[in-house]
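# Results of the structural survey
Listed below are the residues making up each chain.
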Amino acid sequence: MIKISPSILSCDYSKMGEEFENMKKCGADWLHIDVMDGHFVPNITLGAPLVKCLRKCSDLVFDCHLMISDPKKYIPDFIKAGADLICFHVECDSPIDETLDLIRESGKIAALAVKPGTPVEAVYPYLDKLGMVLVMTVEPGFGGQSFMADMMDKIVALRAECAKRGLDIDVQVDGGISLETVEAAAKAGANVLVAGSAIFGSEDPTKTIAELRSKAAKYF
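Reference entry: report on the structure contained in this document.

So, how was this worked out
Residues numbered from 1 in each chain as written. Predicted model: local features only at pLDDT ≥ 70, side-chain atom pairs only at ≥ 80, totals over all residues. Heavy atoms only, no water. Phe/Tyr/Trp six-rings, centres within 6.5 Å; stacked < 30°, edge-to-face > 60°. Helix = DSSP H or I, 4+ residues; strand = E, 2+ residues; numbered from the N terminus. Buried < 20%, exposed > 50% of the residue type's maximum accessible area, 1.4 Å probe, protein only. Lys NZ or Arg CZ within 6 Å of the ring centre and 35° of its normal. Pairing = 2+ DSSP bridges. Axes fitted to C-alpha atoms, helices over the stretch in contact; angles between N-to-C directions. Polar contact = N/O pair within 3.5 Å; in protein donor to acceptor, adjacent residues only side chain to side chain. Contact = heavy atoms within 4.5 Å. Salt bridge = Lys/Arg side-chain N within 4 Å of Asp/Glu carboxyl O.

## Quick word on the packing of aromatic side chains
With the rule as written, the count across this model stands at one aromatic pair. With centroids separated by 5.6 Å and ring planes inclined at 85 degrees, the aromatic side chains of F20 and F62 adopt a geometry described as edge-to-face. Of this pair, F20 sits in helix α1 (residues 16–25) while F62 sits in strand β3 (residues 61–67); the two residues are 42 residues apart in sequence, bridging distant segments of the chain. For F20, a relative accessible area of 1% gives the class buried. Of the residues examined, F62 reaches a relative accessible area of 0% and is grouped as buried. Positioned over the ring face of F62 is R55, at 3.6 Å from the centre of the ring. One cation-aromatic arrangement involves K115 over F40; the distance from NZ or CZ to the ring centre is 4.3 Å.

Here you go:
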């Protein structure tokens, strides 16, 4: 099933509540919430207290992407704040299994992300615990970067590994997704599509979300 998850990194921060409410009207399935600590990536964004406030503005799935060095320390905060899915990086400093177990014990969806320079095989030992894998198609930390088409091989390999194990998990792509790149991602096997500037910068977000979904659905 195709899921469109607009990245709030590209929204108007002066009216985030309105932006969140509007995304449901525009047809979004999830909201992709980028959390950066200024250490794991060279940028700082919002944290759990703001997620808690924004939870009041939308009942869409909160897809929280933790680009932080020690996610295990902050998992309880994001659970309390209202995160539905918590994704952290396999390259982080926290013990992966313990962090995944903490998420799963809360009843939330656990996910792992891989940077462009990390082989996708790094997530294979944890696939049985995951509801989703995020394959980054830009370097994490900033919005508006160009799509890395060479990351599609990772998605193909990941889908093949999941099929071999009889696993049906979501595969997400984040970075440079637009009407021009979405088909390449979907053809490779990505069904959860994060788009920031392509949606929030669109004159007609409803139309853009519908077109992204239609282009991706050809491959599922």
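Additional details are given in the paragraphs that follow.
## Let's talk about the environment of E139
Its location among the elements puts E139 in the loop between β6 (132–136) and α5 (152–165). Residue classification places E139 among the partly exposed residues on the basis of a relative accessible area of 38%. Separated by 105 residues in the primary sequence, E139 and D34 have C-alpha atoms spaced 13 Å apart.

## Considerations on the sheet that holds β6
Ordered by their spatial adjacency, eight strands build an open sheet running β1-β8-β7-β6-β5-β4-β3-β2, and the pairing between neighbours is parallel. Lying at the two open borders of the sheet, with one neighbouring strand each, are β1 (3–6) and β2 (30–36). Neighbouring strand axes in the sheet, compared pairwise and without regard to direction, differ in orientation by 25 degrees on average. In terms of strand pairing, strand β7 (residues 170–174) meets strand β8 (residues 192–195) through three bridges, oriented parallel. Bridging across to β8, D174 finds its partner in V194.

## Notes on the side chain of H32
Topologically, H32 is positioned in strand β2. A polar contact is formed between the side chain of H32 and the side chain of D174, at a distance of 3.2 Å. Each residue touching H32, except ones within four places of it in the same chain, is listed here: S5, P6, S7, I8, D63, H65, Q172, D174 and V194.

## Describing the pattern of salt bridges
Within this structure, the stated rule accounts for 11 salt bridges. Across the salt bridge formed by D170 and K3, the nearest N and O atoms sit 2.8 Å from each other. Residue D170 is found in strand β7, and its partner K3 is found in strand β1; the two are separated by 167 residues along the sequence. Judged by its relative accessible area of 15%, D170 falls in the buried class.

So, to be careful, I would describe these as geometric facts and stop short of saying anything about function.
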